[in-house]
Amino acid sequence: RQVPLRELLFFVGIYFFFAFTYFLTLVFVSGAVYKYYISVPLDYLFKFLLEIPFWWLYFRLLKDWPIRRKLLLHLLTIPIYVFVWINIYYATCDLLDLSHLRGVGRVWDLYIPTLVYFVQFGMLHVYDYYKKLQKEREIAAELRQIALQSELSALKAQINPHFLYNVFNTISASVP
């Protein structure tokens, strides 16, 4: 099944929002734009690309799983996501001679990807729940319409024999 454009734009929009606000925060705190104009987009590009397989897992492969099981699975996959992201990002920054957090500041590189992951997947689960609820409402409305048509057909079937009986009875009484 193809990914709807609305979902894709939502998915990408989250990353643009987070990257932009993170960039503004870093610039506001440090006052240095030049230090972050490559590393922040690179950071969020890696987060975005790494989230795609997790999104596919939760919303395509395991779409019929109950939400409780998905939430438990999120608790298992978030450390994998953060570990892979941090290694790819740090290796790329070292390769391109870009700065990244070091020492105790690295805790932010554990916290922020975890926060982005939870916020994004929280919103995606809410959106998925909304879509499922809308679909259930549409099905319920169709079922009500079918039930109403069925009831109407049953009433017509009851009326028709009486009408025919009365017509035949009138004809029979009219004939000498």
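Residues numbered from 1 in each chain as written. Predicted model: local features only at pLDDT ≥ 70, side-chain atom pairs only at ≥ 80, totals over all residues. Heavy atoms only, no water.

## Observations concerning helix 3 (residues 67-96)
Okay, step 1: When the terminal C-alpha atoms of helix 3 are compared, their 41 Å separation across 30 residues agrees well with the 44 Å that a helix rising 1.5 Å per residue should span.
Okay, step 2: One or two steps after helix 3, the chain reaches Asp97, where phi turns positive at roughly 60 degrees. (Helix = DSSP H or I, 4+ residues; strand = E, 2+ residues; numbered from the N terminus. Expected span 1.5 Å × (residues − 1).)

## Details of the packing of helix 1 (residues 5-30) against helix 2 (residues 39-61)
Okay, step 1: Remark: helix 1 packs on helix 2, axes separated minimally by 10 Å, with the N-to-C direction vectors making an angle of 150 degrees. It follows from the interaxial angle that helix 1 and helix 2 lie roughly antiparallel. Crossing hand, helix 1 versus helix 2: right-handed. Packed against helix 1, whose contacting residues are Glu7, Phe11, Val12, Tyr15, Phe18, Ala19, Tyr22, Phe23 and Leu26, the element helix 2 presents Val40, Asp43, Tyr44, Lys47, Phe48, Glu51, Ile52, Trp55 and Arg60 at the interface.
Okay, step 2: Its residues assigned to classes, the contact of helix 1 with helix 2 shows 13 nonpolar, no polar and five charged. (Axes fitted to C-alpha atoms, helices over the stretch in contact; angles between N-to-C directions. Parallel < 35°, antiparallel > 145°, perpendicular 65-115°, else oblique. Left-handed = near helix turned anticlockwise from the far one by under 90°. Contact = heavy atoms within 4.5 Å. Nonpolar A, V, L, I, M, F, W, Y, C, P; charged D, E, K, R; others polar.)

## Concerning helix 1
Helical geometry note: an α-helix holds 3.6 residues per turn, so side chains three or four residues apart project in the same direction.
Okay, step 1: Here helix 1 contains 26 residues, and its C-alpha end-to-end distance of 37 Å stays within 8% of the 38 Å for a straight helix at 1.5 Å per residue.
Okay, step 2: Listed as buried for helix 1 are Glu7, Phe11, Ile14, Tyr15, Phe18, Ala19, Tyr22, Phe23, Leu26 and Val27.
Okay, step 3: Within two residues after helix 1, Gly31 carries a phi angle of roughly 75 degrees, on the positive side. (Buried < 20%, exposed > 50% of the residue type's maximum accessible area, 1.4 Å probe, protein only.)

## Things to note about the pattern of salt bridges
Okay, step 1: In this structure the tally under the stated criterion is three salt bridges.
Okay, step 2: Measuring nitrogen to oxygen at the nearest pair gives 3.9 Å for the salt bridge that ties Asp94 to Arg102.
Okay, step 3: Judged by relative accessible area, Arg102 falls into the exposed class, the value being 55%.
Okay, step 4: Here Lys132 makes a salt bridge to Asp128, at a shortest N to O gap of 3.4 Å. Within this pair, Lys132 and its partner Asp128 are both found in helix 4 (residues 108-174), separated by four residues, close to a single helical turn.
Okay, step 5: The buried category is assigned to Asp128, whose relative accessible area is 14%. (Salt bridge = Lys/Arg side-chain N within 4 Å of Asp/Glu carboxyl O.)

## Overview of the packing of helix 2 against helix 3
Okay, step 1: Relative to each other, helix 2 and helix 3 sit at 150 degrees, their axes nearing to 10 Å. Of the possible angle classes, the one that applies to helix 2 and helix 3 is roughly antiparallel. As helix 2 packs across helix 3, the resulting crossing turns out to be right-handed. Judged by residue contacts, Ser39, Leu42, Asp43, Phe46, Lys47, Leu50, Glu51, Phe54, Leu57 and Tyr58 of helix 2 engage Lys70, Leu73, His74, Thr77, Ile80, Tyr81, Val84, Trp85, Ile88, Tyr89, Thr92 and Leu96 from helix 3.

## Some details on the nonpolar core
Okay, step 1: Formed by 36 residues in total, the largest nonpolar core has its most connected members in Val40, Tyr44, Tyr81, Tyr117 and Phe121.
Okay, step 2: Elements supplying a minimum of two residues to this core: helix 1, helix 2, helix 3 and helix 4.
Okay, step 3: With 10 residues, the single largest contributor to this core is helix 2.
Okay, step 4: Here Val40 is in contact with Ala19, Tyr22, Phe23 and Leu26, once residues within four sequence places are set aside. (Core = buried A, V, L, I, M, F, W, Y, C linked by side-chain atoms within 4.5 Å.)

## Considerations on unusual backbone geometry
Glycine aside, the phi torsion of most residues is negative, and most peptide linkages are trans.
Okay, step 1: A positive phi is found at Asp97, a non-glycine position, where the angle reads about 60 degrees.
Okay, step 2: In this structure, Asp97 sits in the loop between helix 3 and helix 4.
Okay, step 3: Its relative accessible area of 70% is what places Asp97 among the exposed residues.

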